[in-house]
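Listed below, chain by chain, are the residues.
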Amino acid sequence: MPRTRSVAGPVPGVNRRTVLAATAAVSVSAGVGYALRPTESAAATTAETPVAQSRRAPAAPLAPYTRGTTVATVAAPRTSSGYRRLGDGPGWSRTVRAELAAPKSGRAGRRTALAAFVQLTDLHLMDSQHPMRLEYLRSTDVHAWRPHEALSVPGAISLVERINALRGAPVTGTPLHFAMTTGDNTDNNAKTELEWFLKVMSGGRITPNSGDPRHYEGVQNSGLKQFWNPDSTVRDADKQRGFPHLAGFLAAAIRELNSPGLNLPWYSTVGNHDAMPLGCYGHGDSWLAEYAVGGRKLMSLPAAEAKKLQTSISKATDPRGTHFRDLLKAHTRDMRSVTPDERRAPYTPAEYVRAHLDPAYRGVGPVGHGYSTANLDAGTQYYSFRIAEDVIGISLDTTDAGGHYEGSIGTAQLNWLDKTLRDNKDAYAVVFSHHTSKTMDNTRPDPARPGERRHSGDEVIALLGRHAGVLAWVNGHIHRNDITPHAAAGGRSFWEISTASHVDYPQLARVIELADNKDGTLSVFTTLVESAAPHRTDFADLSQTGLAALYRELSFNAPGARTDLGGAAGDRNTELVLKKG
């Protein structure tokens, strides 16, 4: 079995003949994800070298597999007003996009699959009782708190169940090589959330509760009318909108769950909510760290103060959280007593990498899920890996530890990206990040590297356009399906594929397939998938599956939720055509 090593430094080039020799000429159809050759880094020991492997090819000839995808069916409202119930709706057809190359007739009969994988993004696994949460912003923005936030864990487990049920790629039928999570895996940089995320992905029993182990302590049993209090008969604002009274909901929401874990290898990319408390405040304030694990929680705030706080976050005028800390201190007497919990502490980038390397969360691998001890030694969270015989993957860290939810990358990482692509010029490349090109406009210095310049998304686009092998840049962050063509000089081009979140409706993941059409063009196929939970809900069903179904329906009905996050037809199920470089 070949071995792959994720790297924090330059990656030696991979020659196709060398790879074939090293792997006894095992083909992609045998379900093997090939390895980049190991670096010379002493930190990346053999014992921690990840093994890239995927499902074996089925014995029968490959055939498209659309069952369980949005090609077959998509959740759709079956009532027209008030709180709208969901049911089975018609699937989304596939759109061919030809902005970068003209599709040629007969290509379906000629094409061969290069690779297929799944992208999950913006899971936002959420400790909904955490003292640092900003539910009180709902007094100025109704969508600042979502009624379904306590169900992020059963929702994510149901997505894992759906991916496990896929028996091949929707267009080519090839085995799925791996899954990649493109950031905001957690919501509030809390150790509780990180543990839940790793268990959801790798398998295990999860109790999505913190504080008092016996009962829920948060806004949903506060009696405050601006929040949905499902167990209470209080006529809160959401019940006036038609939200149901569900006795036993909160007890069910914090009950122990079981995740089967993904049955294929998975890799991890870091997002701003993974890197910083609330996704926007840099580390370093000891008072905020103590508040996160302490016994007081602010649950309401006047609209004027909430608006001021929300504006400071959106405009990044308080990247270190100084004014946020002062606001909390000013409202100490307004806080509710809750049970302190050290597990709610924020985690550092090093702790994030170390947790991925923990054998308890290996699942089916690879060890570290892309990260290695070389990342720990270098203080980095970016790496590269081999997806298939002729395809490499590159995972970037676009978060900016200086604060704010928008991103950028430093000069060292930009140079590493350029060298990795040059060293692997004979391979195709898929680049992964959390931020989109348009949301990489935060060039605030990284406190750990104050003298290093930060680079925007436009600079990354320009760099990628200089390399003929780049096929796609896959990301998330904007919680919306959006696919953008990028053309460069010399006929070089690539597609930027941004996928909707799994916390906001329509709660999707995406299967991506790469194929050579054998006519001078390549096709990148994208197919969206929902979780395995049924579209129809039963208010009496508070089982793990029932909660996952409620997670979807509640998110559809969330007051103030945007209705355009599914994107247009050309952003959903697509064939994206490229000229062969």
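None of these values were measured; they are calculated from a predicted model.

With that settled, consider the overall build of the protein. Along the backbone of the protein there are 15 helices and 21 strands. Across the 581 residues in the protein, those meeting the buried criterion constitute 62%. Partitioning the contacts of the protein with sequence separation of at least 6, the portion at a separation of at least 24 is 78%. When the accessible surface of the protein is totalled, it reaches about 20,400 Å², and 52% of it is carbon and sulfur.

Taken as a whole, the largest pocket spans an internal volume of roughly 990 Å³. Broken down by secondary-structure element, the contributors of at least two residues to the lining of the largest pocket are α7 (272-275) and α9 (303-314). Top element by residues in the lining of the largest pocket is α9. It accounts for three residues. Residue composition of the lining of the largest pocket, by class: eight nonpolar, nine polar and ten charged. The volume enclosed by the second largest pocket comes to roughly 530 Å³. Lining the second largest pocket are 26 residues, and of these Gly-379, Gln-381, Asp-397, Asp-446 and Arg-449 sit closest to its centre. Elements that contribute at least two residues to the lining of the second largest pocket include exactly α11 (349-357), α12 (373-378) and α13 (411-423). In terms of residue count, α11 provides more of the lining of the second largest pocket than any other element does, three residues in total. A class-by-class count of the residues in the lining of the second largest pocket yields eleven nonpolar, eight polar and seven charged.

Quick look at the pairing of strand β17 (residues 482-487) now. One ladder, built from six bridges, connects β17 with strand β18 (residues 493-498); its direction is antiparallel. Each bridged residue has a counterpart across the sheet, and for Ile-483 the counterpart in β18 is Ile-497. Between β17 and β18, which pair antiparallel one after the other, the connecting turn spans five residues, and Gly-490 there sits at a positive phi close to 75°.

Before going further, it helps to spend a moment on the packing of helix α3 (residues 152-165) against helix α15 (residues 544-557). At a minimum axis distance of 8 Å, the contact between α3 and α15 shows a crossing angle of 100°. Regarding the angle of α3 to α15, the classification is roughly perpendicular. Between α3 and α15, the contacting residues are Ser-152, Pro-154, Gly-155, Ile-157, Ser-158 and Glu-161 on the first element and Gln-544, Leu-547, Ala-548 and Tyr-551 on the second. Residue classes in the contact of α3 with α15 are distributed as five nonpolar, four polar and one charged.

Looking now at unusual backbone geometry. The phi angle of most residues is negative, glycine excepted, and most peptide bonds adopt the trans form. The amide bond that connects Gly-365 to the next residue, Pro-366, takes the cis arrangement and shows omega of -5°. Within the secondary structure, Pro-366 sits in the loop between α11 and α12. Even without a glycine there, the phi angle at Asp-122 is positive, about 50°. The phi angle at Asp-184 is positive, at roughly 50°, despite the residue not being glycine.

What follows concerns the pattern of salt bridges. Scanning all chains against the criterion turns up 31 salt bridges. In this structure, the salt-bridge partner of Asp-212 is Arg-214, at a minimum N-O distance of 3.0 Å. Asp-212 gets classed as buried once you look at its relative accessible area, which sits at 5%. Note that Glu-459 is salt-bridged to Arg-453, the shortest N-O span being 2.7 Å. Overlapping salt bridges bring together Arg-133, Glu-135, Arg-146, Glu-149, Asp-187, Lys-297 and Asp-504 as one network.

Where a protein is soluble and globular, its nonpolar side chains tend to be buried together. In terms of nonpolar packing, the biggest core is built from 67 residues, with Ile-387, Val-430, Phe-432, Ile-497 and Leu-514 touching the most fellow members. When residues no more than four places from it in sequence are discounted, the contact partners of Leu-514 are Thr-112, Ala-113, Leu-114, Ala-115, Val-391, Val-430, Leu-471, Ser-523 and Val-524. The next biggest cluster of nonpolar side chains, apart from the first, holds 23 residues, and it includes Ala-150, Trp-228, Leu-250 and Leu-554.

Attention shifts here to empty space enclosed by the protein. Empty space left among the atoms is revealed by rolling a probe the size of a water molecule over them. Tallied over the entire structure, the rule returns four cavities of 30 Å³ or more. In this structure, the second largest cavity is lined by Cys-280, Tyr-281, Ser-312, Ile-313, Ala-316, Asp-318, Pro-319 and His-404. Considering only residue class, the lining of the second largest cavity consists of five nonpolar, two polar and one charged.

Strand order in the open sheet formed by six strands is β11-β12-β14-β16-β18-β17, and the pairing between neighbours is mixed. The strands lining the two open edges of the sheet, one partner per strand, are β11 (383-388) and β17. Here the strands of the sheet are splayed against their neighbours by 20° on average, with no regard to which way each runs. In this sheet, β18 lies alongside strand β16 (residues 470-475) in parallel orientation, the contact comprising four bridges.

Taking 1.5 Å of rise per residue, 13 residues should cover 18 Å, and α13 covers 18 Å from first to last C-alpha, within 8% of that figure. Taken as a whole, α13 has its buried residues at Gln-413, Leu-414, Trp-416, Leu-417, Asp-418, Thr-420 and Leu-421.

Within the element layout of this structure, Arg-162 appears in helix α3. Glu-530 provides the closest opposite charge to the buried, salt-bridge-free Arg-162, at an N-O distance of 6.7 Å. Within the structure, Arg-162 has its side chain in polar contact with the backbone oxygen of Gly-68 (distance 3.3 Å). The residues contacting Arg-162, other than those within four sequence positions of it, are Gly-68, Val-529, Glu-530, Ser-531 and Ala-532.

Under the counting rule described, the total for this entry stands at 22 aromatic pairs. Aromatic pair Tyr-281 and Phe-324: ring centres 5.1 Å apart, planes at 15°, arrangement stacked. With Tyr-281 in the loop between α7 and α8 (286-293) and Phe-324 in helix α10 (residues 322-330), this pair connects stretches of sequence that are 43 residues apart. As far as burial versus exposure is concerned, Tyr-281 and Phe-324 are alike and both buried. Ring pairs connect the aromatic residues Phe-117, Phe-178, Tyr-267, Tyr-347, Tyr-352, Tyr-371, Tyr-383, Phe-385 and Phe-432, which therefore count as one cluster. In this arrangement the basic side chain of Arg-85 is found over the ring face of Phe-539, its NZ or CZ atom lying 3.9 Å from the centre. Seen from the ring of Trp-92, Arg-572 lies directly overhead, with NZ or CZ sitting 4.3 Å from the centre.

Procedures and definitions
Residues numbered from 1 in each chain as written. Predicted model: local features only at pLDDT ≥ 70, side-chain atom pairs only at ≥ 80, totals over all residues. Heavy atoms only, no water. Helix = DSSP H or I, 4+ residues; strand = E, 2+ residues; numbered from the N terminus. Buried < 20%, exposed > 50% of the residue type's maximum accessible area, 1.4 Å probe, protein only. Contact = heavy atoms within 4.5 Å. Areas by Shrake-Rupley, 256 points an atom, 1.4 Å probe, with all protein chains shown as cover. 1 Å grid on protein atoms, 1.4 Å probe; cavity = no way out; pocket = protein on both sides within 12 Å on 5 of 7 lines; lining within 4 Å. Points joined across faces, edges and corners; volume = space filled by probe spheres on them. Nonpolar A, V, L, I, M, F, W, Y, C, P; charged D, E, K, R; others polar. Pairing = 2+ DSSP bridges. Axes fitted to C-alpha atoms, helices over the stretch in contact; angles between N-to-C directions. Parallel < 35°, antiparallel > 145°, perpendicular 65-115°, else oblique. Salt bridge = Lys/Arg side-chain N within 4 Å of Asp/Glu carboxyl O. Core = buried A, V, L, I, M, F, W, Y, C linked by side-chain atoms within 4.5 Å. Expected span 1.5 Å × (residues − 1). Lys, Arg positive; Asp, Glu negative; His and termini not counted. Polar contact = N/O pair within 3.5 Å; in protein donor to acceptor, adjacent residues only side chain to side chain. Phe/Tyr/Trp six-rings, centres within 6.5 Å; stacked < 30°, edge-to-face > 60°. Lys NZ or Arg CZ within 6 Å of the ring centre and 35° of its normal.

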